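Residue strings, one per chain:
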Amino acid sequence: MRVLVVEDQAGLAEGLRKGLEAEGFATDVAATGTDGLWMAREYPYDAIVLDIMLPGIDGYRVCATLRDERIWTPILMLTARDGEFDEAKALDTGADDYVTKPFSYVALVARIRALIRRVPGERPAVLKVGDLQLDPGTRVASRGQTVLNLTARETALLEFLLRRAGDVVSKTEIIDHVWDSEFDGSFNIVEVYIRHLRNKVDRPFGRAAIQTVRGAGYRLAVDGG
């Protein structure tokens, strides 16, 4: 899953980026409202963490503009402001949730995951296809009773495939959701990680759940292979 953090305090922004990446999120950071609005328009984020007091344009205007343009990416407002008026204004401009600094990092991550689950369609807390499952909160994946030893990137890729089970997803879609905006390598990296994932979640169990759809991309079979 890919998250955009729009925060002008460099230390906090970097802490959020490192923390979210440790939780398996590909994370981009924008330091101004102007840059944040541009990035939110350009990339298909799964969630946005948006400060209110920003250089350029404030978080309220960023949020309102995105909603006016029918961009429905879940938005969590993150701000030092406290009070019912500020919370109400954030929600009225189209934000989905609101957290006041200082905040519990554990609670923040849980709220981001909850926002992603609210997107229309089935969004269970534990992702499961056949006997293959992943708990995004604990980052624990298993096939039947066997816990799988996956890297952070492999876990992120598996989460994306599980959330899109049955759909054909292109290399571009995978890069957009599993890697961050700093990635400038070859799209062949997707093939490498698909192979790694197959070697851990399919082949040792005699399965072929992760399918290649020639000329289109990849699909995780809904019957679990």
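Quantities reported herein were computed from a predicted structural model and do not represent experimental measurements.

### Structural notes on the environment of Val 147
- Among the structural elements, Val 147 can be located in strand E9 (residues 146-148).
- Overall, the relative accessible area of 59% leaves Val 147 in the exposed class.
- Setting aside chain neighbours within four positions, we find Val 147 in contact with Val 140, Ala 141 and Ser 142.

### Some remarks on the nonpolar core
- Of all hydrophobic cores here, the largest spans 43 residues; its most connected members are Ile 112 and Ile 174.
- Sort the elements by how many residues they give to this core and helix H6 (residues 152-163) lands first, with six residues.
- Leu 50, Val 62, Cys 63 and Met 77 belong to the second-largest nonpolar core, a separate cluster that totals 22 residues.

### Thoughts on the packing of H6 against helix H8 (residues 188-201)
- Interhelical geometry of H6 versus H8 gives an angle of 85° and a closest axis separation of 10 Å. Relative to H8, the element H6 lies roughly perpendicular. Listed contacts from H8 to Arg 153, Glu 154, Leu 157, Leu 158 and Leu 161 of H6 are Tyr 193, Ile 194, His 196, Leu 197 and Lys 200.
- The residue inventory of the contact of H6 with H8, partitioned by class, reads six nonpolar, one polar and three charged.

### Regarding the sheet that holds strand E3 (residues 47-51)
- With parallel pairing, five strands are arranged side by side in an open sheet as E2-E1-E3-E4-E5. The outermost strands of the open sheet, each flanked by one partner alone, are strand E2 (26-30) and strand E5 (97-100). Looking at each pair of strands side by side, their axes are set apart by 20° on average, direction ignored.
- Across five bridges, strand E1 (residues 2-6) lies against E2 in parallel orientation. Looking at the pairing, Arg 2 lines up with Ala 26 of E2.
- Of the strands in this sheet, E3 and strand E4 (75-79) are in contact with helix H3 (residues 59-68), which crosses E4 at around 170°.

Cut-offs used in this document
Residues numbered from 1 in each chain as written. Predicted model: local features only at pLDDT ≥ 70, side-chain atom pairs only at ≥ 80, totals over all residues. Heavy atoms only, no water. Helix = DSSP H or I, 4+ residues; strand = E, 2+ residues; numbered from the N terminus. Buried < 20%, exposed > 50% of the residue type's maximum accessible area, 1.4 Å probe, protein only. Contact = heavy atoms within 4.5 Å. Core = buried A, V, L, I, M, F, W, Y, C linked by side-chain atoms within 4.5 Å. Axes fitted to C-alpha atoms, helices over the stretch in contact; angles between N-to-C directions. Parallel < 35°, antiparallel > 145°, perpendicular 65-115°, else oblique. Nonpolar A, V, L, I, M, F, W, Y, C, P; charged D, E, K, R; others polar. Pairing = 2+ DSSP bridges.

Spatial relationships are all this shows, so hold off on functional conclusions.
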